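In case you want the letters, here they are:
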Amino acid sequence: MHTSDYDAVVVGSGPNGLAAAIVLQQAGLAVLLIEGHKQIGGGLRTAELTLPGFRHDVCSAIHPLAAGSPFFQTLPLARYGLQYLTPPVAAAHPFDDGRAAAVMNSLEDTARRLGPDEQVYRQLLAPLVARWPRIGADVLGPLQVPQHPLDLARFGLAALQPATLLARRFRAEAAKGLFAGMAAHAIQPLENLTTAAIGLVLLIAAHRQGWPLPRGGSQSIADALAAHFVALGGKIETGTYVNSLQQLPVARAVLFDVTPAQLLRIAGHSLSDVYQWQLRRYRYGMGVFKVDWALAEPVPWTAPECRQAGTVHLGGTLAEIAAGERDAARGRHPERPFVLLAQQSLFDDTRAPAGQHTAWGYCHVPNGSKVDMTAAIERQVERFAPGFRERIIGRHTFDTAELETYNPNYVGGDINGGRLDLTQLFTRPALRASPYRTSKPGLYLCSSATPPGGGVHGMCGYHAARRALRDVFGLSASPLYQESPAPGQATSARHMAGGNS
């Protein structure tokens, strides 16, 4: 039972729920954050899934978007123990001839390694990396009048293309495959419009701050965000699954870090018929099948670049990756799936007992798939690291149903909170003046089902909270806080400049 009322309630403690709660608390409101799981974090959790002493990231693992988040960067998260570790190679992409392309933290180092595509890579990425501070907040936000329209337009000309089309700028298979692996994070066929966008954003992030991982596991990010929220005066309640609005305390604003399927179950009766119709038409994308390994030794990669990388993309050529993603989108299970693999214990000695290691990997599958992809995934690893299977001493798997049970936002195993194609890029989850408003006044969505979509960046929650501040409380939050208040000191309304979500 809740003994007191709040100005605002946030349901769900994923990165977006935590971000929304912090923004509201910074504004001087009384905020309650409710989490159904016993542990806060949503996709930011770490657990001993295989054997004692082996700490695995349950969902997200490598965090270029968190480290580069326009909002998270304003928060004093290091004060609460968050420490990022940056591998020397952001991502490696091996091929069957034993060589590998690699995204280094340095743009120049990356370009030089691409041989005949050195100049093309430099011409494509260098201007975007330089302009990112001017356009990052617009790219990671709702459709609105941009602060720097010409810079954003230059990004858009490349980003709106299908990844398969943009990849044609490169001559060699190394650069083409490397870019295909980046774009495949979009979890949709690479022939789709806008699939180049996620590839470009991830490359920009690599060349601005690398692809870091948090020491101790992804849970460290959630714990730091939660500690900052509590230090500002916020309250957290765990172990309470919200199934109806009647469970919530009285509040002027309620923000849900859930996707349309859950919102319909919780609040459908209070939403307009038109809005409910729009939410029912919302489309979820491919699911994932995930494996965590406890290893006696590091993965024995053939290519040396892979041994220095936090992330390894396994799929070979552009053609192979595109075919696999196309198959999964059409309801088929590829024999050679594109595999995203992370090896955090190479750089973080807290993840496994001394001398032993962990690895984390997944592939894309049809939404709701029950097919066990363990063998297919391990064949892909073994293909580029002969002897890998001999090093496995423990294994844990998640199929799409198990992922959804663990985190209801992963509908059918969709970790992006809904298909992130052109039709749902800016109109997710419904076509409205503000994507964060529902049809019920005071009720908002702040999940990855709103712009800018999936990823650990908190920007969906940030923008939703700004919208609620304006609508409900008459407060105009600045586009981004210039600095976070000290613990216990909320930002008053008179210290917030005009802005619009």
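Please read all numbers here as calculations on a predicted model, not as lab measurements.

Scanning all chains against the criterion turns up 4 cavities of 30 Å³ or more. Considering only enclosed or pocket space, the largest cavity measures out at about 70 Å³ in volume. If you go around the largest cavity, the residues you meet are P64, L65, G68, S69, W132, L140, V201, A205, R208 and Q209. Contributing elements (two or more residues each) for the lining of the largest cavity: α2 (64–67) and α8 (195–209).

The parallel open sheet is built from 5 strands, whose spatial order is β9-β2-β1-β10-β16. At either margin of the open sheet sits one strand with a lone partner, and together these are β9 (235–237) and β16 (443–445). Strand-to-strand, the axes of this sheet are offset by a mean angle of 20°, without reference to chain direction. As paired elements, strand β1 (residues 6–11) and strand β10 (residues 251–256) share 5 bridges and run parallel to each other. In the strand pairing of β10, A8 is matched with A253. Packed onto the sheet, helix α1 (residues 15–26) meets β1, β2 (31–34) and β10 and runs at close to 170° relative to β2. Against the sheet, helix α9 (residues 219–231) touches β2 and β9, its axis set at about 130° to β9.

Before going further, it helps to examine the packing of α1 against α9. For the pair α1 and α9, the least separation of the axes is 9 Å and the interaxial angle reads 20°. Considered as vectors, α1 and α9 are oriented roughly parallel to each other. When the axes of α1 and α9 are compared, the crossing they make is left-handed. Residue-level contacts link L18, A21, I22 and Q25 of α1 to A222, L225, A226, H228 and F229 of α9. Residues that form the contact of α1 with α9 fall into these classes: 7 nonpolar, 2 polar and no charged.

We now examine the side chain of S447. The topology assignment puts S447 in the loop between β16 and α15 (459–473). Other than its neighbours up to four places away in sequence, S447 contacts N16, F256, D257, V258, T259 and C460.

Put plainly, two cysteines are in a disulfide when a covalent bond ties their sulfur atoms together. Under the criterion given, the structure shown has 0 disulfides. You can see C59 has no disulfide; the closest cysteine sulfur is in C363, sitting 16 Å from it. The buried category is assigned to C59, whose relative accessible area is 10%. Free of any disulfide, C446 has its nearest cysteine sulfur in C460, 8.3 Å distant.

As a further point, take the packing of aromatic side chains. Where two aromatic rings form a pair, the distance of their centres and the angle of their planes describe that pair. Counted according to the given criterion, the structure contains 7 aromatic pairs. Each ring, one from Y282 and one from Y284, has its centre 5.4 Å from the other, and the planes form 90°; the classification is edge-to-face. Of the two residues, Y282 and Y284, neither departs from the other in class, the shared state being buried. Taken together, the aromatic side chains of F71, F72 and Y462 make up a single cluster linked through ring pairs.

We now examine unusual backbone geometry. That bond from R428 to P429 is cis: its omega, 0°, falls within 30 degrees of zero. Mapped onto the secondary structure, P429 falls in the loop between α14 (400–406) and β16. Residue P451 is joined to P452 through a cis peptide bond whose omega torsion reads 5°. Relative to the helices and strands, P452 resides in the loop between β16 and α15. For I187, which is not a glycine, the phi torsion comes out positive at approximately 55°.

Domain boundaries in the chain define domain 1 (6–38 + 238–283 + 417–473) and domain 2 (84–213 + 286–406). Contacts between the two partners involve 12 residues from domain 1 and, on the opposite side, 11 residues from domain 2. Note on domain 1 versus domain 2: buried area summed over both sides is about 1000 Å², and carbon and sulfur give 67% of it. Scanning the region where domain 1 abuts domain 2 turns up 0 salt bridges. In this assembly, domain 1 and domain 2 are joined by 2 residue pairs in polar contact (both at pLDDT 80 or more). Considered class by class, the residues forming the side of domain 1 that touches domain 2 number 9 nonpolar, 2 polar and 1 charged.

Calculation rules
Residues numbered from 1 in each chain as written. Predicted model: local features only at pLDDT ≥ 70, side-chain atom pairs only at ≥ 80, totals over all residues. Heavy atoms only, no water. 1 Å grid on protein atoms, 1.4 Å probe; cavity = no way out; pocket = protein on both sides within 12 Å on 5 of 7 lines; lining within 4 Å. Points joined across faces, edges and corners; volume = space filled by probe spheres on them. Helix = DSSP H or I, 4+ residues; strand = E, 2+ residues; numbered from the N terminus. Pairing = 2+ DSSP bridges. Axes fitted to C-alpha atoms, helices over the stretch in contact; angles between N-to-C directions. Contact = heavy atoms within 4.5 Å. Parallel < 35°, antiparallel > 145°, perpendicular 65-115°, else oblique. Left-handed = near helix turned anticlockwise from the far one by under 90°. Nonpolar A, V, L, I, M, F, W, Y, C, P; charged D, E, K, R; others polar. Disulfide = S-S within 2.5 Å. Buried < 20%, exposed > 50% of the residue type's maximum accessible area, 1.4 Å probe, protein only. Phe/Tyr/Trp six-rings, centres within 6.5 Å; stacked < 30°, edge-to-face > 60°. Domains from an automatic or database assignment. Buried area = accessible area lost by both parts, 1.4 Å probe. Salt bridge = Lys/Arg side-chain N within 4 Å of Asp/Glu carboxyl O. Polar contact = N/O pair within 3.5 Å; in protein donor to acceptor, adjacent residues only side chain to side chain.

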